[in-house]
Amino acid sequence: MAYDDLRDWISALDRAGELKRIRAEVDPILEITEITDRVSKSTNGGPALLFENVKGYRGWHVLINQFGSARRMKLALGVDSLDEIANRIHQFLDVKSPEGLLQKIKMLPMLAEMGKFFPKTVSRGPCKEVIRRDEFDLLNMPVLQCWPKDAGRFITLPCVITRDPKTGKRNVGMYRMQVYDARTAGMHWQRQKVGAEHYRERMRAAGSASASPAAAVDLMARSGGGAIEPEGERPQGKMEVAVAIGTEPALTFAAVIPAPPDVEEFMIAGFLRQKPVELVKCETVDLEVPATAEIVLEGYVNLDELRTEGPFGDHTGFYSLEDLYPVFHVTCVTHRKSPIYATTIVGKPPMEDAWMGKAIERIFLPLMRVTLPEIVDVNLPVEAVFHNLMIVSIRKSYPGHARKVMNGIWAMGQAMFTKCIVVVDEDCDVQNVREVVLRVANHIDPERDIQFTLGPVDSLDHSSRLPNFGSKMGIDATRKWPTEGFTRPWPEEIRMDEATRQRVNAMWKKLGIE
Ligand SMILES: Cc1cc2nc3c(=O)[nH]c(=O)nc-3n(C[C@H](O)[C@H](O)[C@H](O)COP(=O)(O)O)c2cc1C
C-alpha cells in the first residue's frame, strides 16, 4: 500500500483513528515538545498529532509522532507485520541462478516487482506549487525549539539529499538542521554518515587534500563533527544539497535506514511502498527531490566553512554537546500551497524514534544473517538508545563463536557503533529481557567472558574518551564448552516435566487460586 504523499498518509492515519487534531493554540517553542513527550510516553505511544493552530504561524499545520507506535509504523509501511518486509527481503536474497526455462519463467514476477523500486523523474510536482527564490526565511516555517537548553530551533525530520561526486549516486539521510538565520542552517551529518563522506569526496575532488596522513586528519575534521578546529589551507568550492520536509512515510523512514552507501534510499522507499518514488529536478541545484514533498530547501554547503552547532536535547536523553559542522546556505525554497511541516522530537526514550528503530531491527535481521547466518534473533532495547546495547542469540557451532559474531557486528555498517553486545544461545528469547539478564548474570565469568575492544563510537556518546572514538564491550553469555577451556560440568536449566504440568493444568481451576 503506497501513500501518494504526506496528506494521503495523514488521511489514512485519520481513518485508522491514529490521528489527533489539536485546534488549541500552541507555541512551537517548547510547548509542542512538552505535549508530544507526554503523548509518546502514554500507552502504546499515543496518537499522531496534527497541530492546526501554531502560535505565530497562521495557516501552518505541524505533524508530529507520525511513526510513534508499533501499529502506525506498520501502517506507514503498508504491512500487518514487519516480518512481511523481512520475508520479502529474504526472498530476494534467496534467489538461486535459474536452471532451465521453467525456473526462469517463475522468476518473472520477481523481476517485474524489481521494476517498481527505481525512482521515476517527472516533469512537475506539487512541491513546486510555490517557488521562492528571493523572498524566504527559514523561520517562516514553524520550526521547533525542542528543549530549554537547545542552541535554537532545529529542523528535526529533514530528508537531506546529496550526490556522490564519484559515482553520481544519490543519498537521502536524516540529519537535523539548526536554523541560524533566514537563509542558513547547520548540517549535522555525523562524520561516519554518507552525507559527510560525499562532502569529503568533494574536498578530495577539489584537490584540497593530499594523500598524506596529516591531510586525512584535517579532511575528517573539516567534514564536521571533529571536535577540533581544522588547521591549514581551507579548500574552495561547494557541494549542492537539497532537503525535503514532509515526504510520504516510506521515504521519510528510508532516510533513517542505515543502508549501504551505494544503495539509493529512493530505491529503498520504492521497495517498501512497492511503487516508484517520483522525483522532480530542483530549480537552482543539480539534484532531484520527491515531487510530492511539502517543502523543499535547495542550497549548498561551502567546503571551507564550519560553524558551531548544538547543544541539542538528543536521542540519548541528554544534550549532545556543541561541535563544528558545515553550514547549509539556502538558494531557493519551493513548497506546496498551505504546506504541512513534519517534525519530530527526540529525548528520553521512548519517543517516536524508538518505533522507527524497532522497525529497522526487524527489517535488518535477514540482512545481518547474510553475513552472520548463525544469528537467530536480535533485540536492541529502546532504553539503551539502540547503539548502546545489542542482545543477539546465535546457533553456536564452534569454540569462540560468540566472539566471532561480536566482531562481525562491529564490522557491519552503523552497527559499528554498538557499545555493548550480549551474545546468548539460541534457546534464549532475546525479546525477553528478564530471561537475558538471568542468563548473563548466571553464565559469565566476567574476567573470561567480557571482551573489550576499541573503535568508532556514535558522535552522540558523551562518555567515550574522545569524540567518535572509544571502547566497546562484548559479553559472551553462551554456555561454555570444554573446547573453550571450560572443563567443569555445565548445569541443566530447571524445567518442570510435561506430565506434571498437564496434571496441574487439569486441576488448576479446582484449586481456587485465581
Ligand atoms: C529523528 C532522527 C534524527 C536524526 N538526526 C541525525 C543527525 O542529526 N545526524 C546524523 O548523523 N544522524 C542522525 N540520525 C540518524 C541517521 O538518520 C541514520 O544514521 C541514517 O542511517 C543516516 O543515513 P546515511 O546512512 O545515508 O548517512 C537521525 C535519526 C532520526 C530518526
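Residues numbered from 1 in each chain as written. Predicted model: local features only at pLDDT ≥ 70, side-chain atom pairs only at ≥ 80, totals over all residues. Heavy atoms only, no water.

Before going further, it helps to spend a moment on a nonpolar patch on the surface. Together, Leu 101, Ile 105, Leu 108, Leu 111 and Met 114 line one region of the surface with nonpolar side chains, adding up to about 480 Å² of accessible area. Relative to the helices and strands, Ile 105 resides in helix H5 (residues 100-114). (Patch = residues over 30% accessible without salt bridge, like charges linked within 9 Å, V, L, I, M, F, W, Y side chains within 5 Å. Areas by Shrake-Rupley, 256 points an atom, 1.4 Å probe, with all protein chains shown as cover. Salt bridge = Lys/Arg side-chain N within 4 Å of Asp/Glu carboxyl O. Helix = DSSP H or I, 4+ residues; strand = E, 2+ residues; numbered from the N terminus.)

Right, let's talk about the sheet that holds strand E21 (residues 420-425) for a bit. The 5 strands lie next to each other as E19-E20-E21-E23-E22, forming an open sheet whose pairing is mixed. Each edge of the sheet is formed by a strand with only one pairing partner; in this case those strands are strand E19 (375-379) and strand E22 (450-456). Ignoring strand direction, the axes of neighbouring strands in this sheet form an average angle of 20 degrees. In this sheet, E21 lies alongside strand E20 (residues 390-394) in parallel orientation, the contact comprising 5 bridges. Paired with Ile 394 across the two strands is Asp 425, which belongs to E21. Against the sheet, helix H11 (residues 401-410) contacts E19, E20, E21, E22 and strand E23 (469-476), and its axis sits at roughly 150 degrees relative to E23. Helix-sheet contacts for helix H12 (residues 433-443) involve E19, E20, E21 and E23, and the interaxial angle to E21 is about 90 degrees. (Pairing = 2+ DSSP bridges. Axes fitted to C-alpha atoms, helices over the stretch in contact; angles between N-to-C directions. Contact = heavy atoms within 4.5 Å.)

With that settled, the discussion passes to the environment of Asp 353. Positionally, Asp 353 belongs in helix H10 (residues 352-371). For the pair formed by Asp 353 and Ala 506, sequence separation is 153 residues and the distance between their alpha carbons is 45 Å. Beyond its immediate stretch of four places on either side in the chain, Asp 353 contacts His 315, Val 346 and Phe 386. Separated by 2.7 Å, the side chains of Asp 353 and His 315 make a polar contact. (Polar contact = N/O pair within 3.5 Å; in protein donor to acceptor, adjacent residues only side chain to side chain.)

Moving on, we come to the packing of helix H4 (residues 82-93) against H10. Following both chains from N to C, one finds H4 and H10 inclined at 20 degrees, their axes separated by 8 Å at the closest point. Classified by the angle between their axes, H4 and H10 sit roughly parallel to one another. Crossing of H4 against H10: the hand is right-handed. Residue-level contacts link Leu 82, Asp 83, Ile 85, Ala 86, Ile 89 and Leu 93 of H4 to Ala 359, Arg 362, Ile 363, Pro 366, Leu 367 and Val 370 of H10. When grouped by side-chain class, the residues that make up the contact of H4 with H10 number 10 nonpolar, no polar and 2 charged. (Parallel < 35°, antiparallel > 145°, perpendicular 65-115°, else oblique. Left-handed = near helix turned anticlockwise from the far one by under 90°. Nonpolar A, V, L, I, M, F, W, Y, C, P; charged D, E, K, R; others polar.)

What follows concerns the side chain of Asp 5. Relative to the helices and strands, Asp 5 is located in the segment before helix H1 (6-15). Asp 5 sits in the buried class, given a relative accessible area of 11%. In terms of polar contacts, Asp 5 uses its side chain to reach the backbone amide nitrogen of Asp 8, at 2.8 Å. (Buried < 20%, exposed > 50% of the residue type's maximum accessible area, 1.4 Å probe, protein only.)

The next point concerns the nonpolar core. Formed by 57 residues in total, the largest nonpolar core has its most connected members in Leu 77, Ile 85, Ile 161, Phe 253, Ile 257, Leu 272 and Val 289. Ignoring any residue separated from it by four or fewer positions in sequence, one finds Ile 161 in contact with Asn 171, Val 172, Glu 240, Val 241, Ala 242, Ala 244, Phe 266, Leu 287, Glu 288, Val 289 and Pro 290. In this structure, Leu 49, Tyr 199, Phe 312 and Val 333 belong to the second largest nonpolar core, which totals 47 residues. (Core = buried A, V, L, I, M, F, W, Y, C linked by side-chain atoms within 4.5 Å.)

Turning to helix H6 (residues 194-205), a few remarks are in order. Under the 1.5 Å per step criterion, the end-to-end length of H6 is 16 Å for 12 residues, consistent within 8% with the ideal 16 Å. Considered for burial, the residues of H6 that qualify are Val 194, Gly 195, Ala 196, His 198, Tyr 199, Arg 200, Glu 201 and Met 203. (Expected span 1.5 Å × (residues − 1).)

Taken in spatial order, the 4 strands make up an open sheet running E1-E2-E3-E18, and their pairing is mixed. Each of the sheet's edge strands pairs with one partner strand only, and the pair in question is strand E1 (19-22) and strand E18 (340-342). Between one strand axis and the next, the sheet turns through 20 degrees on average, direction left out of account. When E1 meets strand E2 (residues 48-51), the two strands line up parallel, connected through 4 bridges. Note that in E2 the partner of Ile 22 across the bridge is Phe 51. Across the sheet, helix H2 (residues 31-40) is in contact with E2 and strand E3 (61-64); its angle to E2 comes to roughly 155 degrees.

Buried residues dominate strand E7 (residues 158-163), accounting for 6 of its 6 residues. What you see with E7 is no split at all: Pro 158, Val 160 and Thr 162 on one side and Cys 159, Ile 161 and Arg 163 on the other are buried throughout. In this structure, the hairpin formed by E7 and strand E8 (residues 170-173) is closed by a connection of 6 residues, where Gly 168 is found at a positive phi of approximately 80 degrees.

Among the 20 residues in the neighbourhood of the ligand, the closest are listed as Met 174, Tyr 175, His 188, Val 256 and Gln 414. Here an oxygen atom of the ligand and a side-chain polar atom of Gln 414 are 2.7 Å apart. Coverage of the ligand by the protein amounts to 93% of the 640 Å² it exposes when considered alone. For the shell around the ligand, the leading source of residues is E8, giving 3 residues. For the shell around the ligand, the per-class residue count stands at 9 nonpolar, 8 polar and 3 charged. (Near = heavy atom within 4 Å.)

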